[in-house]
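Observations on the three-dimensional arrangement
So the chains spell out like this:
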Amino acid sequence: MSMIKTPDEIEKLKRGGEILSRILREIRDACVPGVGSEELDAIARKRMAEAGGEPSFLGYRISKNDMAFPGALCVSINEEVVHGLPIPNRVIQKGDIVGLDIGMWYEGLATDMATTVIVGDKANPNVRALVADTRASLVQGISVIKAGGWIRDISGAIEDYLKPKKYGIVKDLVGHGVGHAVHEEPQVPNYREPRNKPIQLEVGMVLAIEPMVTLGDWRVNVKEDGWTIVTADKSLAAHFEVTVVVTETGYDLITPWPDVN
Ligand code: MG
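On a predicted model such as this, the values are computed, not experimentally measured, just so you know.

Rules behind the numbers
- Residues numbered from 1 in each chain as written.
- Predicted model: local features only at pLDDT ≥ 70, side-chain atom pairs only at ≥ 80, totals over all residues.
- Heavy atoms only, no water.
- Helix = DSSP H or I, 4+ residues; strand = E, 2+ residues; numbered from the N terminus.
- Rg over C-alpha atoms; globule rule 2.2 N^0.38 Å.
- Buried < 20%, exposed > 50% of the residue type's maximum accessible area, 1.4 Å probe, protein only.
- Contact = heavy atoms within 4.5 Å.
- Phe/Tyr/Trp six-rings, centres within 6.5 Å; stacked < 30°, edge-to-face > 60°.
- Lys NZ or Arg CZ within 6 Å of the ring centre and 35° of its normal.
- Pairing = 2+ DSSP bridges.
- Axes fitted to C-alpha atoms, helices over the stretch in contact; angles between N-to-C directions.
- Core = buried A, V, L, I, M, F, W, Y, C linked by side-chain atoms within 4.5 Å.
- Lys, Arg positive; Asp, Glu negative; His and termini not counted.
- Salt bridge = Lys/Arg side-chain N within 4 Å of Asp/Glu carboxyl O.
- Parallel < 35°, antiparallel > 145°, perpendicular 65-115°, else oblique.
- Left-handed = near helix turned anticlockwise from the far one by under 90°.
- Nonpolar A, V, L, I, M, F, W, Y, C, P; charged D, E, K, R; others polar.

For the chain, the helix and strand inventory stands at 4 helices and 15 strands. Taken over the C-alpha trace, the chain has a radius of gyration of 17 Å; the compact-globule value for 261 residues is 18 Å, and the two agree within 12%. Summarising its shape, the C-alpha atoms of the chain cover approximately 45 × 45 × 40 Å along the three principal directions. Within the chain, buried positions represent 54% of all 261 residues. Pairs at least 24 residues apart make up 70% of the contacts formed inside the chain by residues separated by at least 6 positions.

As structure tokens, this is what we get:
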């Protein structure tokens, strides 16, 4: 599996990413007090089907014996970092912070993106800062991308933005290549990982960059459902993700930001 996508594949990815971003924007707007996580998932399924796409998370298994993911959308509430289940009896409350992560197959290629929503207007300033800084760290990470650079440049830019602010940077999950599969090489940690082999950025490399950040410690656990990743210390967590393609001089967004017009 090549890490490099052809110009034709990049065009397809951009078409898919545009649709995915539009869907996530609608789900963001629907993420209000009282809505059920399965209702948000239903929007994802319906809009993907209408657009001719297919949910890439639905039925996904991390390894062969794991439980298949039950939805098209991950809904991760408060201390849940990622991979929260969009199932009944999980209702969004005022004051929650909700990570919404979505992936789609379109014209044979996969894109991936996420945002975090503060529900209602009662969040503490430190919670607002967590969400804003997680997004800002992603902006920093992608700003250093260009052909000839290195994966560690992205990791370092994210770490350098977050570390002085004393956040926890989740280490067990990382960004990744995407396109031919939901998760591909290379891994893109959100911190400098000296054990990883240096990988140079090349034109046509497609990456999902996704800082996962906490108000406490970086350590996480997997819940009994086999999917939901929670902070070990129960601190709140935020997550933003975009898919980008490396260009000669920088990057192009495959998945436009869902929270900017
Ligand atoms: Mg991802």
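Structure shown, so let's carry the discussion forward.
Attention shifts here to the packing of aromatic side chains. Inspection of every chain in the model, using the stated rule, returns 1 aromatic pair. Relative to Trp 227, the ring of Phe 69 lies with its centre 5.1 Å away and its plane at 85 degrees, an arrangement referred to as edge-to-face. With Phe 69 in the loop between β1 (54–55) and β2 (73–77) and Trp 227 in the loop between β11 (220–222) and β12 (229–231), this pair connects stretches of sequence that are 158 residues apart. Given a relative accessible area of 5%, Trp 227 falls into the buried group. The aromatic ring of Trp 218 is capped on one face by Lys 171, whose charged end is 5.0 Å from the ring centroid.

In this section: the sheet that holds β12. Pairing within the open sheet is antiparallel, and its 3 strands lie in the order β3-β12-β11. The strands lining the two open edges of the sheet, one partner per strand, are β3 (80–82) and β11. In this sheet, adjacent strand axes meet at a mean angle of 40 degrees when their direction is disregarded. As defined by bridge partners, β3 adjoins β12 across 2 bridges and the pair is classed as antiparallel. By the bridge assignment for β12, Glu 80 is matched with Val 230.

Ile 142, Ile 154, Leu 201, Leu 207 and Ile 209 are the most contacted members of the largest nonpolar core, which totals 28 residues. Contributions of two or more residues to this core are made by α3 (125–143), α4 (151–162), β9 (206–209) and β14 (242–246). The element best represented in this core is α3, accounting for 5 residues. Among residues more than four places away in sequence, those in contact with Ile 209 are Leu 138, Ile 142, Ile 154, Ile 158, Val 188, Phe 240, Glu 241, Val 242 and Val 244.

On to the side chain of Asp 101, then. On the secondary structure map, Asp 101 appears in strand β4 (residues 97–106). No salt bridge forms around the buried Asp 101; measuring N to O, its nearest opposite-charge neighbour Arg 90 is 12 Å away. Not counting residues up to four positions away in its chain, the partners in contact with Asp 101 are Phe 57, Ala 72, Leu 73, Cys 74, Asp 112, Met 113, Ala 114, Glu 210, His 239 and Glu 241.

What follows covers the packing of helix α1 (residues 7–30) against helix α2 (residues 37–51). As a packed pair, α1 and α2 sit with axes 10 Å apart at the nearest point and diverge in direction by 155 degrees. In terms of orientation, α1 and α2 fall into the roughly antiparallel class. Here α1 and α2 pass one another in a crossing that is right-handed. From α1, Ile 19, Leu 20, Ile 23, Glu 26, Ile 27 and Ala 30 reach across to α2, where they touch Leu 40, Ile 43, Ala 44, Arg 47, Met 48 and Ala 51. For the contact of α1 with α2, the class distribution of residues is 10 nonpolar, no polar and 2 charged.

Right, let's get into the packing of α3 against α4. Two elements in contact, α3 and α4, have axes whose closest approach is 8 Å; the angle formed by their N-to-C orientations is 145 degrees. For the pair α3 and α4, the sense of crossing is right-handed. Residue-level contacts link Asp 133, Ala 136, Ser 137, Gln 140 and Gly 141 of α3 to Ile 154, Ala 157, Ile 158, Tyr 161 and Leu 162 of α4. When the residues that make up the contact of α3 with α4 are grouped by side-chain class, the tally is 6 nonpolar, 3 polar and 1 charged.

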